[in-house]
Amino acid sequence: MSIKISNLSHTYSKGTTFEKKALDDINITIERGEFIGLIGHTGSGKSTLIQHLNVLLRPDTGSIIIDGEDIHADKGRLKAIRSKVGLVFQYPEHQLFEMTVFKDVAFGPANMGIAEDETRQRVEDALAIVGIPPELHEKSPFELSGGQKRRVAIAGVLAMKPEILVLDEPTAGLDPRGRDEILGRIKEMHEKLKLTVILVSHSMEDIARLVDRIFVINHGKIALFGPPAEIFAQTQQLETIGLSSTQAAYVAKHLQEKGFKLPDGIYTVDGAVTEILKVVRG
Amino acid sequence: MLKITIGQYYHANSFIHRLDARMKLLCTIIFITVLFFVGNFLGYALAAVYLAIVIMASKVPPKYLFRGLRAILFIIVFTTFLNVFFTQGEDILFAIGPVQITLQGLLNAARMATRLVMLIVGSSILTLTTTPIQLTDAIEFSLKPFKKIGVPAHEIAMMMTIALRFIPTLIEEMDKIMKAQMARGADFDTGGLIKKAKSLVPLLVPLFISSFRRADDLALAMEARCYRGDVGRTRMKQMKLAMRDYKALAVMTIFVALIFALEYLARIWGIW
């Protein structure tokens, strides 16, 4: 039970002057229940990759097998696959359109042909997960604050009960509190509902705090992959790609250079605090 | 993704690209007008050759040009159909019941189709080789004489600039929203007319909202940079006619003269 991406390539606008190879022979295996971080600079192919995961784009070559099924094989299974793989786009609040919060969240389940009772239940559950109180359910989504809008939009995808949740920079443009709230909810869902989560983010700190494994994508290829401790230790490689390591990793590295006997593999603030205290207190 | 050639600039460095936008606009208008005077096939052949030379000189790939035709394919087919079946004429080729297909009908249909294709291709060359900004500057310039009778030339030009500028942005935005709704199981392709129209609501509402937001932002950004309309406004790029523009005009004039000469001869010789 996993996602297996093999030899995936995709080229935009083939045969025109705008031709651009966005993905070049991508090979990834993701196990069920993993929390994956996907990082790469703007235009590296992250968005193209995740759009393949729920068949919004079709590969030129290669395949994606989810739970033993080639998701691009059968057009009749499109809806089933799209409810299995929930994709939350960047700035998802821009897709809100209904008269009320409730109706907007119900859009997905309704499209899947789910009965009214069940839809109601799912919508209420999804809104509860993202922390939208019931008194807001009948309000217009356009009256809400930015953070609330985004949570409603995420609920719109959750209401489809995906087994794999893909989020494209879910915290872009939010204040620190909104960001922490959303990431906290995502972590909670990952643990409680055993969701497989793929998080695309530019914030190394967020990635470091949350994920089990990281894929670094550069010019449409997987440049690095491994657990955060391994990835964030490779400061130089990350910087050549136009990314960076976490601030905690930089602090630890500088301290090491100044002669402090810190262990390698520090990349989170909490980890750094523990290790530095150990050294300081002897 | 939607592919719209009209209003899309194709960047290249060619003689046609370097021409003054006003001259290109003038030549395009002349070309289109002349097309309506051509009645014989020699004239069409000449116009086609002329167009082919201009296309080659513009360095725009022909494939790119003709892609724009796809959008109006229906209109071309429809007019051809109308002309073939509903033109009255003496030389009946064959008839099925009340429907007659005449030689005149076929000729008319061929003429109309050629004219339409050349019309679109001709005007596409203008938009493909001229940046929207240059084009609207040219339009503003040509509307200037009408300012005295209250035509808001500058405002019209500015509106066109903004509209053209936002076509690609809106297409991109639409693509994004469409994908986001498809990820939630929206279906834009199947179903009857009413179902299809209904399925557009989740697309159009967000698109309108984002357009208003963009309009707001743009107005603010323009005001912040002291935009106050036409009065006292100078240009970063002054439009100046160069030698090449006069050359282009000369070529155009020769073409027009040839077309009318051919037309005259065709009448005397009795060519279709």
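In case you missed it, the structure is sitting above this.
Treat the numbers as computed from the prediction; the structure is a model and nothing was measured.

Asker: Would you explain the overall build of chain A in this entry?
Answerer: Counting secondary structure elements, chain A contains 11 helices and 10 strands. Relative to a compact globule of 282 residues, whose C-alpha radius of gyration would be 19 Å, chain A shows 20 Å and is just as compact. The C-alpha extent of chain A, read off along each of the three principal axes, is 65 × 50 × 35 Å. Within the span of chain A, comprising 282 residues, buried residues form 51% of the whole.

Asker: How should I be thinking about the packing of helix H2 (residues 21-35) of chain B against helix H7 (residues 132-143) of chain B in this particular structure?
Answerer: Packed helix pairs are specified by the crossing angle of their axes together with the interaxial distance, meaning the distance between the axes. Residues and elements named next belong to chain B. Axis separation between H2 and H7 bottoms out at 8 Å; the angle between their running directions is 70 degrees. In terms of axis orientation, H2 runs roughly perpendicular to H7. Here Ala-21, Arg-22 and Leu-25 of H2 come into contact with H7, specifically with Gln-134, Leu-135, Ala-138, Ile-139, Phe-141 and Ser-142. Looking at the contact of H2 with H7 residue by residue, the class counts come to six nonpolar, two polar and one charged.

Asker: Help me understand the interface of chain B and chain A in this model?
Answerer: Interfaces are frequently sized by the accessible area removed from exposure as the parts join. Counting residues at the interface gives 19 residues for chain B, matched by 25 residues for chain A. Summed over both sides, the interface between chain B and chain A buries roughly 2,000 Å², with carbon and sulfur atoms accounting for 60% of that surface. Together, Lys179(B), Ala183(B) and Arg184(B) form the three largest contributors to the area buried by chain B at its contact with chain A, with a combined 36%. Inspection of the chain B/chain A interface yields one salt bridge. A salt bridge links Asp104(A) to Arg184(B); the nearest nitrogen and oxygen atoms lie 3.0 Å apart. A class-by-class count of the residues in the side of chain B that touches chain A yields 12 nonpolar, two polar and five charged.

Asker: I tried to follow the sheet that holds strand S2 (residues 20-31) of chain A on my own but got confused; where do I start?
Answerer: Sheets are built from strands paired through backbone hydrogen bonds, the pairs being either parallel or antiparallel. Residue and element names in this part refer to chain A. With respect to topology, four strands assemble into an open sheet ordered S2-S1-S4-S5, the strand pairing being antiparallel. The sheet terminates laterally at S2 and strand S5 (69-70), the two strands that pair on one side only. Here strand S4 (residues 61-66) pairs with S5 via two bridges, running antiparallel. The residue of S5 that forms the bridge with Ile-66 is Glu-69. Running at roughly 125 degrees to strand S1 (residues 2-12), helix H1 (residues 46-53) makes contact with S1, S2 and S4 of the sheet.

Asker: Mind showing me how you'd approach unusual backbone geometry here?
Answerer: Generally, phi is negative for residues other than glycine and the peptide bonds are trans, each holding for most cases. Residue and element names in this part refer to chain A. Although it is not a glycine, His-219 sits at a positive phi angle of roughly 50 degrees. Inspection of the secondary structure puts His-219 in the loop between strand S9 (213-218) and strand S10 (221-226). The class for His-219 is exposed, based on a relative accessible area of 60%.

Asker: I tried to follow the packing of aromatic side chains on my own but got confused; where do I start?
Answerer: Each pair of aromatic rings is reported with the distance of its centres and the angle of its planes. By the definition in use, this model includes 11 aromatic pairs over all chains. For the ring pair Phe215(A) and Phe225(A), a centre distance of 5.7 Å and an interplane angle of 20 degrees mean the geometry is stacked. On the criterion of sequence distance, the pair formed by Phe215(A) in strand S9 and Phe225(A) in strand S10 is long-range, its members being 10 residues apart. Overall, Phe225(A) belongs to the exposed group, its relative accessible area being 53%. Arranged with centres 4.1 Å apart and planes meeting at 15 degrees, the rings of Tyr50(B) and Phe255(B) form a pair that is stacked.

What counts, and at which threshold
- Residues numbered from 1 in each chain as written.
- Chains lettered and ligands numbered in written order.
- Predicted model: local features only at pLDDT ≥ 70, side-chain atom pairs only at ≥ 80, totals over all residues.
- Heavy atoms only, no water.
- Helix = DSSP H or I, 4+ residues; strand = E, 2+ residues; numbered from the N terminus.
- Rg over C-alpha atoms; globule rule 2.2 N^0.38 Å.
- Buried < 20%, exposed > 50% of the residue type's maximum accessible area, 1.4 Å probe, protein only.
- Axes fitted to C-alpha atoms, helices over the stretch in contact; angles between N-to-C directions.
- Parallel < 35°, antiparallel > 145°, perpendicular 65-115°, else oblique.
- Contact = heavy atoms within 4.5 Å.
- Nonpolar A, V, L, I, M, F, W, Y, C, P; charged D, E, K, R; others polar.
- Buried area = accessible area lost by both parts, 1.4 Å probe.
- Salt bridge = Lys/Arg side-chain N within 4 Å of Asp/Glu carboxyl O.
- Pairing = 2+ DSSP bridges.
- Phe/Tyr/Trp six-rings, centres within 6.5 Å; stacked < 30°, edge-to-face > 60°.

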